[in-house]
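# Commentary on secondary and tertiary structure
Spelled out, the chains give:
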Amino acid sequence: EVQLLESGGGLVQPGGSLRLSCAASGFTFPTYGMNWVRQAPGKGLEWVSGINPRGKTYYADSVEGRFIVSRDNSKNTVNLQMNSLRAEDTATYYCARDRAVGAFDNWGQGTVVTASS
Amino acid sequence: QSVLTQPPSVSAAPGQKVTISCSGSSSDIGGNSVSWYQHLPGTAPKLLIYDNDNRPSGIPDRFSGSKSGTSATLGITGLQTGDEADYYCGTWDSSLSDVVFGGGTKLTVL
């Protein structure tokens, strides 16, 4: 069974940093692209970042230059380093597995990030 | 504002059919495959349709997808109260080099 478990969320002041992690199990992790998708309170889904099996990274314009996605295939984890956090980054962050480009077939339960003073 | 346009809400009675539209442009839906997701608050989103009209294993055939030009449609037949959720379309945007989602449609089963 595919499982994705996010961790690392919490309360951080604007301008601060946070590192999210997603632990994957139940599939051959190195062969899949992975993504981060977020949902701000009362808003819809927003794709944040992705990393393909070879380590090529992709970012939404809203986080380019502030967030860094990485993966550790030896530990079956994907990480999201979030720097210079803003109030508008407040959201539930989901880890999601690629089924195809733009199609995510497995999602974690999410971790909540709150950027507030 | 979302790149893809969905109606904010739709409703229908149990047992009936409903369709949810998703409108885009040549750089997103027009040139790429569309996916559909079901999301209940507090839970993980679920993939219902990928590659425009394919269902992952375990998704009942009450759910169907189609695409024509720069628009896509999700159909749900035999509505059940358990289908009440938010539904999102998504695709790759070749101009932005981003995955983009619609704003979401809240389905109410009356």
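Quantities reported herein were computed from a predicted structural model and do not represent experimental measurements.

About the criteria used
- Residues numbered from 1 in each chain as written.
- Chains lettered and ligands numbered in written order.
- Predicted model: local features only at pLDDT ≥ 70, side-chain atom pairs only at ≥ 80, totals over all residues.
- Heavy atoms only, no water.
- Phe/Tyr/Trp six-rings, centres within 6.5 Å; stacked < 30°, edge-to-face > 60°.
- Buried < 20%, exposed > 50% of the residue type's maximum accessible area, 1.4 Å probe, protein only.
- Helix = DSSP H or I, 4+ residues; strand = E, 2+ residues; numbered from the N terminus.
- Lys NZ or Arg CZ within 6 Å of the ring centre and 35° of its normal.
- Pairing = 2+ DSSP bridges.
- Axes fitted to C-alpha atoms, helices over the stretch in contact; angles between N-to-C directions.

### Describing the packing of aromatic side chains
- In total, this model carries nine aromatic pairs over all chains according to the counting rule given.
- For the ring pair Phe-27 of chain A and Tyr-32 of chain A, a centre distance of 5.3 Å and an interplane angle of 85° mean the geometry is edge-to-face.
- Classification of Phe-27 of chain A as buried rests on a relative accessible area of 13%.
- For the pair Trp-107 of chain A and Tyr-37 of chain B, a centre-to-centre distance of 5.5 Å together with 75° between the ring planes defines the contact as edge-to-face. One end of the pair, Trp-107 of chain A, is in strand S10 (residues 103-107); the other, Tyr-37 of chain B, is in strand S3 (residues 34-39), on a second chain.
- These aromatic residues form a ring-pair network of at least three members: Tyr-94, Phe-104 and Trp-107 of chain A together with Tyr-37 and Phe-101 of chain B.
- Here Arg-71 of chain A stacks its cationic end above the ring of Phe-29 of chain A, 4.5 Å away from the centre of that ring.

### Concerning the sheet that holds strand S2 (residues 18-23) of chain B
All names here are of chain B.
- With respect to topology, three strands assemble into an open sheet ordered S2-S6-S5, the strand pairing being antiparallel. The sheet is open, and its two edges are formed by S2 and strand S5 (63-68), each paired on a single side. Taken over all neighbouring pairs, the strand axes of this sheet differ in orientation by 20° on average, direction set aside.
- Bridge count between S2 and strand S6 (residues 71-76): six bridges; the pairing is antiparallel. For Ser-21, the partnering residue across the bridge sits in S6 and is Thr-73.

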